[in-house]
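# Chains, contacts and geometry: an overview
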Amino acid sequence: MATSEKLLYTCRSTVPFRPRICYGVALAGAAAVTVRAWRSSGGTVRQAVLTPGDAAARRQELAESAQNGCATVGCLAVQDSLTLWLNSPLTSRAKAEKVLPSLLDIQLPFPLEDCLYQFVEFRRIPDGTISALVCAARREAVRTCLDRYQAQGDDPMMLDHEGLALWTQSLAELPSEPRRQPAPYRVLIYLADDHVTLVIGCRERYGNAHSLQMPSPPAADDGLIRRLQLLLHAGLPAGAGVQWVFCGARAAEPSVVETMHKSLIKDWPGPLTCHKEPASFLARALCERALKRGPLRCNLRQQTFTHPAVRRAVDRRARAAAVGILAAGLLMAGFSLTSRLLGEHRFARVKAEIAALGAELAPGAAIPYGREIPEVQKAWEKQALLTAPFLDAFAPLLAPRLAEVVKAGRASAVRLETLNLRRNSLVLTGVADDWDQCGQLEQGLKTLGYTVKLQRQEAIAENEVRFTVNAEGGGP
């Protein structure tokens, strides 16, 4: 049993609601052991063993508390079911889940359609592939088990698996030692009045469970010991260290436990431990697994056998989920409508502000929507022609700039013939004695902030160069 495996998933709850009070009922022949457990406000689970005379009060509480989270849990015996590890050749859990039912169908001694099953744990084994633990039982076995409970006056909402319940409760009451090397195997022997259940595992990893008929008296039957040894030889390596744990009604008899322990430690040495209150151990385990989340939870009362209360709880959860989705959809629709209305209101306000500004800039003009800028520009161009003389009267004089241009001409030693000076442009013509003097004039005008385009013409005399200058910018 490998200890280097990686746990990928374990079923931690199979109850569609959280019971507040739970009755765990373990059948042993014609008798039944019932434990009442309840969860306190702090999350602590408290338990009490009920006597047969408490049955009427229990049924009354169940009838009155069905709507307040009260539940009854039974279990399917190991002899009426099976737990099996299936090894998939795939490394992806999602893909392995699709092929595992086919692998289970091959392993079962009866058709898959005739049984109920649940995958309770997935592990990645050292070679990287997926191994899954499945719990399965025939439909007829589930029906027979429910009939036995109903004969006792009980109708359990859930049917747990005996081997898994014994294993998890043993780990809860006697935790394994994680630092101990090599890891010892744990062999749990449940001694009921009518049968013996053998559960084998290592640390927290469940291995398998087997069931045998309980002889009377068990201590005097060597056949029981031999059958147990055969099962242990198949599930344990020779000479492996074992932690022997006993529970069940017959585990309260020291002579029975000591005789079995002495016979078994010859091949697998290890200490002996007995669980406290062994007679109610299985019933306690059923309550603990129903009230608290934990590993390897299982419920084989499925499909057509589902309890009406469980079906109602599932329907309530489905309706609550649907209502939640509907509320979320309505909330999103409300947010969308609100944002749309706010956006339209803001757009209308911006549109009104643009229209008001357009009417202010172009009074008297009929401006259609979307044409504000061209219409306002057109109105301003008309107004500019009318206001230009008035604005020019307040503009800076061109005389200083004219003086600067003339000064630049003198500095370059050219003779100016014509000069047309505007606020942001300049056109002049002239004559220079040298080709380079035109370039000096060009640089001088650039210094004044003009963009200059110089054009030289052919000389009218051998030593004179005619030129034309077009300049933009440089306004005062």
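Structure's up top.
Just so we're clear, the structure is a prediction, and the values are computed from it rather than from any experiment. (Residues numbered from 1 in each chain as written. Predicted model: local features only at pLDDT ≥ 70, side-chain atom pairs only at ≥ 80, totals over all residues. Heavy atoms only, no water.)

Once that is clear, we can look at a nonpolar patch on the surface. A cluster of nonpolar side chains, Leu 357, Leu 361 and Trp 380, forms an exposed patch at the surface whose accessible area comes to about 280 Å². Along the chain, Trp 380 turns up in helix α9 (residues 372-394). (Patch = residues over 30% accessible without salt bridge, like charges linked within 9 Å, V, L, I, M, F, W, Y side chains within 5 Å. Areas by Shrake-Rupley, 256 points an atom, 1.4 Å probe, with all protein chains shown as cover. Salt bridge = Lys/Arg side-chain N within 4 Å of Asp/Glu carboxyl O. Helix = DSSP H or I, 4+ residues; strand = E, 2+ residues; numbered from the N terminus.)

With that settled, consider the sheet that holds strand β8 (residues 130-138). Reading across from one edge, β1-β7-β8-β6 is the order of the four strands in this open sheet, with antiparallel pairing throughout. Looking at which strands have only one partner, the edges of the open sheet turn out to be β1 (6-10) and β6 (82-87). This sheet shows a mean twist of 25 degrees between the axes of neighbouring strands, independent of strand direction. Inspection of the sheet shows β6 paired to β8 by six bridges, in the antiparallel sense. Following the sheet pairing, Thr 83 is matched in β8 by Cys 135. (Pairing = 2+ DSSP bridges. Axes fitted to C-alpha atoms, helices over the stretch in contact; angles between N-to-C directions.)

Taken as a whole, the largest pocket encloses approximately 240 Å³ of empty space. In this structure, the largest pocket is lined by 20 residues; those nearest its centre are Ser 13, Thr 14, Val 15, Arg 289 and Ala 290. Counting only elements with at least two residues in the lining of the largest pocket, the list comes to β9 (158-161) and α7 (281-291). Ranked by residues supplied to the lining of the largest pocket, first place goes to α7 with four residues. Tallied by class, the residues present in the lining of the largest pocket amount to ten nonpolar, two polar and eight charged. (1 Å grid on protein atoms, 1.4 Å probe; cavity = no way out; pocket = protein on both sides within 12 Å on 5 of 7 lines; lining within 4 Å. Points joined across faces, edges and corners; volume = space filled by probe spheres on them. Nonpolar A, V, L, I, M, F, W, Y, C, P; charged D, E, K, R; others polar.)

Turning our eyes to something else, we now look at the packing of helix α5 (residues 222-235) against helix α6 (residues 254-264). Contact pair α5 / α6: the axes reach a minimum separation of 11 Å and the direction vectors enclose 45 degrees. Regarding the angle of α5 to α6, the classification is oblique. In the crossing of α5 with α6, the sense of the turn from one axis to the other is right-handed. Listed contacts from α6 to Leu 224, Ile 225, Leu 228, Gln 229 and Leu 232 of α5 are Met 260, Ser 263 and Leu 264. (Parallel < 35°, antiparallel > 145°, perpendicular 65-115°, else oblique. Left-handed = near helix turned anticlockwise from the far one by under 90°. Contact = heavy atoms within 4.5 Å.)

Our focus in this paragraph is the state of the cysteines. Scanning the entire structure with this criterion turns up zero disulfides. Looking at the unpaired Cys 75, the closest cysteine sulfur is the one in Cys 145, lying at 6.8 Å. (Disulfide = S-S within 2.5 Å.)

This brings us to the environment of Thr 306. Structurally, Thr 306 is set in the loop between α7 and α8 (308-361). The spatial distance from the C-alpha of Thr 306 to the C-alpha of Phe 246 is 33 Å, given a sequence separation of 60 residues. Other than its neighbours up to four places away in sequence, Thr 306 contacts Arg 301 and Arg 311. A distance of 2.8 Å separates a polar side-chain atom of Thr 306 from the backbone oxygen of Gln 303. (Polar contact = N/O pair within 3.5 Å; in protein donor to acceptor, adjacent residues only side chain to side chain.)

This part is about the nonpolar core. With 53 residues, the main nonpolar core has Val 142, Leu 164, Leu 166 and Tyr 206 as its most contacted residues. Broken down by element, the residue count for this core peaks at eight residues, all from α7. (Core = buried A, V, L, I, M, F, W, Y, C linked by side-chain atoms within 4.5 Å. Buried < 20%, exposed > 50% of the residue type's maximum accessible area, 1.4 Å probe, protein only.)

Another point: the environment of Pro 182. Relative to the helices and strands, Pro 182 is located in the loop between α4 (162-173) and β10 (185-191). The spatial distance from the C-alpha of Pro 182 to the C-alpha of Met 158 is 37 Å, given a sequence separation of 24 residues.

Now for the sheet that holds strand β5 (residues 70-76). A sheet is described by the order of its strands in space; here five strands give the open sequence β4-β3-β2-β5-β9, paired in mixed fashion. Strands at the two margins of the open sheet, each flanked by one partner only, are β4 (45-50) and β9. Across the sheet, the mean angle separating the axes of adjacent strands is 30 degrees when strand polarity is ignored. Sheet topology note: the strand β3 (residues 31-39)/β4 ladder contains six bridges and is antiparallel. Paired with Trp 38 across the bridge in β4 is Arg 46. Seen against the sheet, α7 touches β2 (21-28), β3, β4, β5 and β9 and runs at an angle of roughly 145 degrees to β2.

Another point: the packing of α4 against α7. At a minimum axis distance of 9 Å, the contact between α4 and α7 shows a crossing angle of 85 degrees. Here α4 lies roughly perpendicular to α7, going by the angle between them. Taken together, the residues of α7 that come into contact with α4 (itself represented by Glu 162, Leu 164, Ala 165, Leu 166, Thr 168, Gln 169, Ser 170 and Glu 173) are Phe 281, Leu 282, Arg 284, Ala 285, Leu 286, Glu 288 and Arg 289. Looking at the contact of α4 with α7 residue by residue, the classes come out as seven nonpolar, three polar and five charged.

Looking now at unusual backbone geometry. For residues that are not glycine, phi is negative in most cases, and the peptide bond is trans in most cases. Even without being glycine, Arg 203 reaches a positive phi, approximately 55 degrees. Among the structural elements, Arg 203 can be located in the loop between β11 (195-202) and β12 (205-213). Residue Arg 203 is classed as buried on the basis of its relative accessible area of 15%. The residue Ala 413 is not glycine, and still its phi comes out positive at about 60 degrees. Counting through the fold element by element, Ala 413 comes out in the loop between α10 (399-411) and β15 (414-421).

Counting across every chain of the model gives four aromatic pairs. Look at Tyr 117 and Phe 119: their rings are 5.8 Å apart centre to centre, the planes differ by 80 degrees, and that puts the pair in the edge-to-face class. On the basis of relative accessibility, which here comes to 27%, the residue Tyr 117 falls in the partly exposed class. According to the relative accessible area criterion, Phe 119 is buried, its value standing at 16%. Both rings, one in Trp 167 and one in Tyr 206, keep their centres 6.4 Å apart while their planes meet at 75 degrees; by these two values the pair is edge-to-face. (Phe/Tyr/Trp six-rings, centres within 6.5 Å; stacked < 30°, edge-to-face > 60°.)

The first and last C-alpha atoms of helix α2 (residues 93-107) sit 20 Å apart over 15 residues, in line with the 21 Å expected at 1.5 Å per residue. The sharpest bend along α2 reaches about 40 degrees and sits at Val 99, with the proline Pro 101 one to four residues further on. All of the buried residues in α2 are Ala 96, Leu 100, Pro 101 and Leu 104. Packing partners of the buried residues in α2 comprise β6, β7 (115-124) and β8. (Expected span 1.5 Å × (residues − 1). Bend = angle between axes of the 7 residues up to and from the residue.)

Most of β10 sits out of view: seven of its seven residues are buried. Because side chains alternate across β10, one face comprises the buried residues Tyr 185, Val 187, Ile 189 and Leu 191, and the other comprises Arg 186, Leu 188 and Tyr 190, equally buried. Two elements, β10 and β11, share seven bridges in a ladder whose sense is antiparallel. Across the sheet, Val 187 pairs through a bridge with Ile 200, a residue of β11. The turn joining β10 and β11, which pair antiparallel and follow one another in sequence, is formed by three residues. For β10 and strand β13 (residues 242-247), the ladder comprises six bridges, and the chain directions are parallel. From the neighbouring strand, Tyr 190 faces β13, where its bridge partner is Cys 247.

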